Amino acid sequence: MNKTIPVTKTFFPPQDEYVNQLSRIWENEWLTNRGELVRELESKLTKYLCVENIILTTNGTLPLQISLKALGLKGEVITTPFSYVATTSSIVWENCKPIFVDIDPEYLTIDEEKIEEAITEKTTAILATHVFGNACNIEEIERIANKYDLKVIYDAAHCFGVNYNGKSIFQYGDVSTCSFHATKIFHTAEGGAMFTNDSKLNHKLFYSHNFGHNGPTDFFGLGINAKMSELQAAMGLTVLPYMNDIIQERKAIVDFYDENLNFGKIRKIKLRSGLNWNYSYYPIIVDSEANLLRLITSMNEVNVFPRRYFYPSLNNLSYINYNPLEISESIASRIICLPLYSGLKVESLEIIKKIINNDNNWSKGTR
Ligand SMILES: *Cc1c(COP(=O)(O)O)cnc(C)c1O
């Protein structure tokens, strides 16, 4: 039997390189509060990503909560049901009401054509996810936001290294956020970032992530603790030099799937034109949940463990008043992400290909 093939594997840089970064921390005797390593990571990421500002954080969820708070958002926030739970839970946590708008069946991002009908006098913002690194319809969302005077936050947790129309995708919206969790393409074990081009807002986001401090004894305003530590930054500094290779390696795997999978009974998502993608996920959609479950079983039998990303559709959360959303629920019940990580071997890809292409085995009934 082949070894277990999971949906993703965290990238572990050579241990001695991490230890070298750690020894700087011991020399400095400085563990947190924007030390030398955090400042170095800020500066390297600003260059790597071509962004004006970056605020590094403890994880990728706090930036969502801090942006909602710093923008003073109240009332209703229009959002997508097809994302990780943090997108919705952050809205509820900040005492706003998530108003779900269904997704586009091909791009899987919020359906911009359904946003306007969801706007009421209580609407204050749109919080949309560039799901799997695929861009939302940014132009249309910007037009609607301007027309109704709404703020826009992008959950860009999957978007490290993604460019859209020639610039970093993090440069769009009032704020964009990213996650550097161990399962994400670039990671600091736990970690994240927030981005804005508005220097006044950047100042507010910055002090908000550091208790509101203005020096040791004074405060600009309300804040929380979302600071990245030196230990996290050490991991980031160790992983960052490998990013171009990691993305190339992932591209080769994506190319393999694109060229070798039989797309009769499965389909891929459509990527937005103008997108320079990071190959972060390989979602496939089948025609029914029953067939999806059979496909997962066939894969599990040969030790392949894809993941049901994103399932369930977030309008099903227990703390939300349920309203049906046809497309998001249907897609969520029929989608999986295939294994995709640096170090995934061709032999493993051949195993995955065989199972998927042997579709008489798992695809029964209609179609
Ligand atoms: C991972 C993820 C988050 C949360 O990031 P953490 O760093 O785990 O807190 C938020 N939104 C989406 C879409 C994610 O995939």
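A brief structural summary.

Rules used in this analysis
- Residues numbered from 1 in each chain as written.
- Predicted model: local features only at pLDDT ≥ 70, side-chain atom pairs only at ≥ 80, totals over all residues.
- Heavy atoms only, no water.
- Helix = DSSP H or I, 4+ residues; strand = E, 2+ residues; numbered from the N terminus.
- Contact = heavy atoms within 4.5 Å.
- Salt bridge = Lys/Arg side-chain N within 4 Å of Asp/Glu carboxyl O.
- Buried < 20%, exposed > 50% of the residue type's maximum accessible area, 1.4 Å probe, protein only.
- Near = heavy atom within 4 Å.
- Polar contact = N/O pair within 3.5 Å; in protein donor to acceptor, adjacent residues only side chain to side chain.
- Areas by Shrake-Rupley, 256 points an atom, 1.4 Å probe, with all protein chains shown as cover.
- Nonpolar A, V, L, I, M, F, W, Y, C, P; charged D, E, K, R; others polar.
- Pairing = 2+ DSSP bridges.
- Right-handed = clockwise from strand over helix to strand, strands pointing away.
- Phe/Tyr/Trp six-rings, centres within 6.5 Å; stacked < 30°, edge-to-face > 60°.
- Lys NZ or Arg CZ within 6 Å of the ring centre and 35° of its normal.
- Core = buried A, V, L, I, M, F, W, Y, C linked by side-chain atoms within 4.5 Å.
- Domains from an automatic or database assignment.

**What to know about the side chain of N137**
Here comes step 1: On the secondary structure map, N137 appears in the loop between β5 (123-129) and α5 (138-148).
Here comes step 2: Apart from the residues lying within four places of it in its own chain, the contact partners of N137 are E112 and R272.

**As for the pattern of salt bridges**
Here comes step 1: This structure, assessed with the given rule, holds 13 salt bridges.
Here comes step 2: Here R34 makes a salt bridge to E42, at a shortest N to O gap of 2.8 Å.
Here comes step 3: Classification of R34 by relative accessible area gives partly exposed; the value is 38%.
Here comes step 4: On the accessibility criterion, E42 (11% relative accessible area) is buried.
Here comes step 5: The salt bridge involving E94 is made with K69; its shortest N-O contact spans 2.9 Å. One end of the pair, E94, is in the loop between α4 (85-93) and β4 (97-100); the other, K69, is in helix α3 (residues 62-70), and 25 residues separate them in sequence.
Here comes step 6: The network of salt bridges with shared partners includes R24, E36, E40 and K44.

**A few points about the site of the ligand**
Here comes step 1: Lining the immediate surroundings of the ligand are 14 residues, of which T61, D155, H158, S179 and K184 lie closest.
Here comes step 2: Residue S179 places a side-chain N or O atom 2.7 Å away from an oxygen atom belonging to the ligand.
Here comes step 3: Between the ligand and K184, the relevant distance is 3.2 Å, taken from an oxygen atom to a side-chain nitrogen or oxygen of the residue.
Here comes step 4: Calculation on the ligand without its partners gives an accessible area of 380 Å², and the protein chains cover 92% of this total.
Here comes step 5: Residues that form the shell around the ligand fall into these classes: 3 nonpolar, 9 polar and 2 charged.

**A word on the environment of V175**
Here comes step 1: Here V175 lies in strand β9 (residues 175-179).
Here comes step 2: What makes V175 buried here is its relative accessible area of 0%.
Here comes step 3: Each C-alpha atom, one on V175 and one on Q15, is 34 Å from the other, the two residues being 160 residues apart in sequence.
Here comes step 4: With sequence-adjacent residues up to four places away left out, V175 is seen in contact with S67, L71, V152, I153, Y154, M194, F195, L201 and L205.

**Quick word on the sheet that holds strand β15 (residues 335-337)**
Here comes step 1: Spatially, 3 strands are ordered β11-β13-β15 in an open sheet, and the strand pairing comes out antiparallel. The open sheet has two edge strands with one neighbour each: β11 (266-267) and β15.
Here comes step 2: Taken together, the 3 bridges between strand β13 (residues 283-286) and β15 define a ladder with antiparallel strand orientation. Bridge assignment links I285 to a residue of β15, and that residue is I335.

**Focus: the pairing of strand β3 (residues 76-79)**
Every regular strand shows the same layout, with side chains that alternate between the two sheet faces.
Here comes step 1: Burial along β3 is two-sided: the face carrying E76 and I78 and the face carrying V77 and T79 are both buried.
Here comes step 2: Direction of pairing for β3 relative to β4: parallel, over a ladder of 4 bridges. Looking at β4, one finds that T79 is bridged to F100.
Here comes step 3: Taking the sense of rotation as the criterion, the β-α-β connection linking β3, α4 and β4 turns out right-handed.
Here comes step 4: By the bridge criterion, 4 bridges tie β3 to β5 in an arrangement that is parallel. Pairing of I78 across the sheet is with I126, part of β5.

**Overview of the packing of aromatic side chains**
Here comes step 1: For the structure shown, the criterion picks out 17 aromatic pairs.
Here comes step 2: With 6.1 Å between their ring centres and 75 degrees between their planes, F82 and F132 make a pair best called edge-to-face. Here F82 is found in the loop between β3 and α4, whereas its partner F132 is found in the loop between β5 and α5, with 50 residues between them in sequence. The residues F82 and F132 share a single accessibility class, namely buried.
Here comes step 3: Three or more aromatic residues joined by ring pairs make a cluster, and in this case those are F82, F132, Y281, Y309 and F310.
Here comes step 4: The ring centre of Y172 lies 4.8 Å from the NZ or CZ of K167, which sits over that ring.

**Thoughts on α3**
Here comes step 1: The buried fraction of α3 is high, at 8 of 9 residues.
Here comes step 2: Buried residues of α3: L62, P63, L64, Q65, I66, S67, L68 and A70, and no others.
Here comes step 3: Residue G72 follows α3 closely and has a positive phi angle near 65 degrees.

**Section: the nonpolar core**
Here comes step 1: With 81 residues, the main nonpolar core has L45, F160, I169 and Y257 as its most contacted residues.
Here comes step 2: With 7 residues, helix α8 (residues 243-260) is the largest single contributor of residues to this core.
Here comes step 3: Domain assignment of the residues forming this core places at least three in each of domain 1 (15-241) and domain 2 (242-361).
Here comes step 4: Ignoring sequence-local partners within four residues, the contact set of L45 consists of C50, V51, I54, L56, F160, F180, F186 and L240.
Here comes step 5: Listed in part, the 19 residues of the second largest apolar core include L64, L71, M194 and A226.

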